[in-house]
Amino acid sequence: MVALLVLFGIFGAAAAFMVVLLMRRNGARTETAEGLLVEQQARLQAQQDRVSFAARAVHNSPPTASDAYSRRRGIRP
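Residues numbered from 1 in each chain as written. Predicted model: local features only at pLDDT ≥ 70, side-chain atom pairs only at ≥ 80, totals over all residues. Heavy atoms only, no water.

1. So, the overall build of the protein
Then step 1. Summing up its helical and strand segments, the protein has four helices and zero strands in all.
Then step 2. Written out in order from the N terminus, the α and β elements of the protein read α-α-α-α.
Then step 3. By residue count, 5% of the 77 residues in the protein fall in the buried class.
Then step 4. Entry remark: accessible area of the protein is about 7200 Å², with carbon and sulfur atoms responsible for 65%. (Helix = DSSP H or I, 4+ residues; strand = E, 2+ residues; numbered from the N terminus. Buried < 20%, exposed > 50% of the residue type's maximum accessible area, 1.4 Å probe, protein only. Areas by Shrake-Rupley, 256 points an atom, 1.4 Å probe, with all protein chains shown as cover.)

Quick look at the structure:
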């Protein structure tokens, strides 16, 4: 019973830490053009990664020269 309470205490502390961490962030968006371009590039890269590394893309097709893995690692076919 004590082990269960300790486990829930650790989960609660981790959740409280994450809430405090997220609440401390101001959430302000970037105002400069350079920052907006960086955000746009990061968003596009994340979108490409979600498509390239999705379960269907990874497990249902053979690797090709156009895969993001070969582009990122610098491996040339």
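2. Structural notes on the confidence of the model for the protein
Then step 1. Per-residue confidence for the protein gives a mean pLDDT of 76; residues scoring 70 or more make up 62%.
Then step 2. Confidence drops under a pLDDT of 50 for residues 73–77, and excluding neighbours within four residues, the segment shows three contacts in the predicted structure. (pLDDT = per-residue confidence, 0-100. Contact = heavy atoms within 4.5 Å.)

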